[in-house]
Amino acid sequence: MKKTLLTVLLATASAITFADGSFTGAGLEVGAGATKSDVRNVNLNEKTKGDVAVRGSYNTQFGQTNWIGGVEAGVKPLNRKIAGNAKQKVDANVSYVQGYSFNDDVMAYGKVGYHYGRFEGGGRSRTNMNGLGYGVGAKYAVTPNVEVGAEWEQTRYKKDNLKIHNNSYMATVGYRFK
């Protein structure tokens, strides 16, 4: 059993290569866009507001395929008014990103991850909420180190009977360290 487990682990590890292609390695990214929050079961007349994000990531290519996977950690340093006196102060996240590189310059991807949000107002002094985020996007490698992209992500926060859904649309610019 131990030999079988060791063989499987070694085979899996050898299938992952650290390629020099676009979209792989450590990266830093900034994004700007718009987000609309929807507080469920309450009519607050929510508006679409500006949004920014800062993210760090590490991606690797799986074997000699076009599949690229990695981890991304980000923060949105917000003080975004949702409606009335309700505000979102923070959105921090960790996500798994799975992409497919169509060539050296274009990659489409999906992502899923954990989000932490801090909210204030709306009849509560401060509420910390956990949520699930998922989204899709595409990136274009302007150079092997510089990427531009666009993505959509929905985050679903929940605590007790309070539910908040954020829909974000963002344009990104990133630098991949090689």
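Conventions we followed
Residues numbered from 1 in each chain as written. Predicted model: local features only at pLDDT ≥ 70, side-chain atom pairs only at ≥ 80, totals over all residues. Heavy atoms only, no water. Helix = DSSP H or I, 4+ residues; strand = E, 2+ residues; numbered from the N terminus. Buried < 20%, exposed > 50% of the residue type's maximum accessible area, 1.4 Å probe, protein only. Polar contact = N/O pair within 3.5 Å; in protein donor to acceptor, adjacent residues only side chain to side chain. Salt bridge = Lys/Arg side-chain N within 4 Å of Asp/Glu carboxyl O.

### As for the side chain of T35
Mapping T35 onto the fold places it in strand β2 (residues 25–39). Take T35: its relative accessible area is 1%, and that puts it in the buried class. Within the structure, the side chain of T35 is placed 2.4 Å from the side chain of D51, a separation counted as a polar contact.

### Regarding the pattern of salt bridges
Following the criterion strictly, the structure yields eleven salt bridges and no others. A salt bridge links K139 to E29; its shortest N-O distance comes to 2.2 Å. Placement of the pair is K139 in strand β7 (residues 124–141) and E29 in strand β2, with a sequence separation of 110 residues. The salt bridge involving K139 is made with E147; its shortest N-O contact spans 3.9 Å. This pair shows no difference in class: K139 is buried, exactly as E147 is.

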